[in-house]
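What follows is the residue order along each chain.
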Amino acid sequence: MNEMVDAKEYRDRHDPFIEQGQEPPGRWAPDERPGGALTWRGQLGWRTSHGLAIVRWSTGKPSDAENALYPDGSRGEANDTLDHGFRRRASGERLWIYGRIDIRPDDVVFIDGEQPIYQPPPQGDIPNLEADLARDGAFVAAIKDDRFALAVRTVFDNRSFYKGQDPRSWVSGERSAAALVANLRDRGESYNDYYPRFAGLRGTYPDDRYRAAPADTHRRDFEVAHNPARCAVGSAVCLAWSRRAFGRGGAAGNGRHAALA
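The text that follows walks through the structure, step by step, so that each part is easy to find. (Residues numbered from 1 in each chain as written. Predicted model: local features only at pLDDT ≥ 70, side-chain atom pairs only at ≥ 80, totals over all residues. Heavy atoms only, no water.)

1. Here's the deal with the overall build of the protein
Going by this rule: Numbering of helices and strands runs from the N terminus, with a helix taken as a DSSP run of H or I at least four residues long and a strand as a DSSP run of E at least two residues long. Residue burial is assigned from relative accessible area. The probe radius is 1.4 Å, only protein chains are included, and a residue is buried under 20% of its type maximum, exposed over 50%, and partly exposed in between. The contact rule is simple, with two residues in contact once any of their heavy atoms fall within 4.5 Å. The accessible surface values rely on the Shrake-Rupley method and a 1.4 Å probe; as for residues, cover is taken only from the protein chains in view.
The secondary structure content of the protein amounts to 7 helices and 13 strands. Buried residues in the protein amount to 37% of all 261 residues. Expressed as a percentage of contacts within the protein between residues at least 6 apart in sequence, the contacts between residues at least 24 apart total 47%. Working note: accessible area of the protein is about 15,000 Å², and carbon and sulfur atoms make up 52% of it.

2. Quick word on the side chain of His50
Inspection of the secondary structure puts His50 in strand β3 (residues 45–50). Of the residues examined, His50 reaches a relative accessible area of 4% and is grouped as buried.

3. Looking at unusual backbone geometry
Despite not being glycine, Thr59 has its phi angle at roughly 45°, a positive value. Among the secondary structure elements, Thr59 is positioned in the loop between β4 (53–58) and β5 (61–69). Not every positive phi belongs to a glycine, and Asn158 is a case in point at roughly 55°. Structurally, Asn158 is set in the loop between α4 (146–156) and β10 (159–163).

4. Overview of the packing of aromatic side chains
This is how the line gets drawn: Pairing of aromatic rings covers Phe, Tyr and the six-membered ring of Trp, with a centre-to-centre limit of 6.5 Å; geometry is then stacked below 30 degrees between planes, edge-to-face above 60, and tilted otherwise. By definition here, charges over rings are those cases where NZ of Lys or CZ of Arg is within 6 Å of the ring centre and within 35 degrees of the ring normal.
A full pass over the atoms with the stated rule returns 8 aromatic pairs. For the pair Tyr70 and Phe110, a centre-to-centre distance of 6.4 Å together with 70° between the ring planes defines the contact as edge-to-face. A residue pair is termed long-range when its members are at least 10 positions apart, and Tyr70 in the loop between β5 and β6 (75–81) and Phe110 in strand β9 (residues 107–112) qualify at 40 residues. Taking relative accessible area as the criterion, Tyr70 reaches 8% and is therefore assigned buried. Under the relative-accessibility criterion, Phe110 is labelled buried at 2%. Through successive ring pairs, a cluster of aromatic residues spans Trp28, Trp40 and Trp46. It is Arg87 that lies over the ring of Trp96; its NZ or CZ is 3.7 Å from the centre. In this arrangement the basic side chain of Arg88 is found over the ring face of Tyr70, its NZ or CZ atom lying 5.3 Å from the centre.

5. Examining the packing of α4 against helix α5 (residues 174–185)
We apply this condition: Each axis is a line fitted through C-alpha atoms, taken for helices only over the stretch in contact, and angles between the N-to-C directions span 0 to 180 degrees. Here is the rule for angles: anything less than 35 degrees is roughly parallel, anything more than 145 is roughly antiparallel, 65 through 115 is roughly perpendicular, and the remaining ranges are oblique. Each crossing is labelled by how the near helix is turned from the far one, with a counterclockwise turn of less than a right angle marking it left-handed and a clockwise turn marking it right-handed. Residues are sorted three ways: Asp, Glu, Lys and Arg are charged, Ala, Val, Leu, Ile, Met, Phe, Trp, Tyr, Cys and Pro are nonpolar, and all the rest, Gly among them, are polar.
Two elements in contact, α4 and α5, have axes separated by 9 Å at closest approach and are oriented at 150°. Viewed along their axes, α4 and α5 adopt a mutual orientation that is roughly antiparallel. For the pair α4 and α5, the sense of crossing is right-handed. Listed contacts from α5 to Asp146, Ala149, Val152, Arg153 and Phe156 of α4 are Glu174, Ala177, Ala178, Leu180, Val181 and Arg185. Residue composition of the contact of α4 with α5, by class: 7 nonpolar, no polar and 4 charged.

6. With respect to the pairing of strand β7 (residues 85–89)
Looking down a regular strand, the side chains alternate between one sheet face and the other. What counts, and what does not: Paired strands, as defined in this entry, are two strands with at least two bridges between them according to DSSP.
Note that β6 and β7 share 4 bridges and pair antiparallel. Bridge pairing in β7 places Asn79 opposite Arg87. From the end of β6 to the start of β7, which pair antiparallel, there are 3 residues. Looking at chain direction, β7 and strand β8 (residues 96–104) are connected through 4 bridges and run antiparallel.

7. Looking at the environment of Gly99
On the secondary structure map, Gly99 appears in strand β8. Classification of Gly99 by relative accessible area gives partly exposed; the value is 22%. If we skip the residues at most four places from it in the chain, Gly99 touches Phe86, Phe110, Ile111, Asp112 and Gly113.

Remember, this is a structural readout, not a statement about activity or role.
So, in structure tokens, the structure goes:
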């Protein structure tokens, strides 16, 4: 109960309710320093009520809606993503449907739009691991498993990859690794769901779900992050590739290669 009260107090403080049409508690304004770039002044977020629905605003733009009216007459959440715009919950194999929200005085209506379609990069002379994996049926089927997706996200995070003896690298950063997982799963997800990291599940595919005691959490996470063999990103394509770690600044790591499978 105390946690619920604390959460409500936190939200009321950071996203207070204001009346529709009321002057927002924050705004974009020119910076007083030379150059005059626009900066945000005042409250970062707030909420407005629209009948049964509630809209949360962030720096003057709607960021999500609670209890929005869906096309089938049901209600649920709608939230904005950086890559595909607003989305609502779906059912079945597809987890999300994208579109836009119509904010009305007495309601918030979600209107379905054109759905994003992933176009894998072409295969060519330049090594591209994403292009190869996108055409590997076994890998694409396996990545729909949440634990396998977590393993892929861990293996691909901030790594350089090499195909056979080709000295040219294919690089995967935090954002691109998240996008690769979301795209290849083909379930209507956004890279936001896996960036900066996917923390919804523990465990290493194809092992059973995480069983270690809480005290072992950090040790096990370290092992997973530094032991690609445990992550078992295995397919015929991966057998031809190896990876090498690099620092966040882009510099190469210790130079040791590790097979993906």
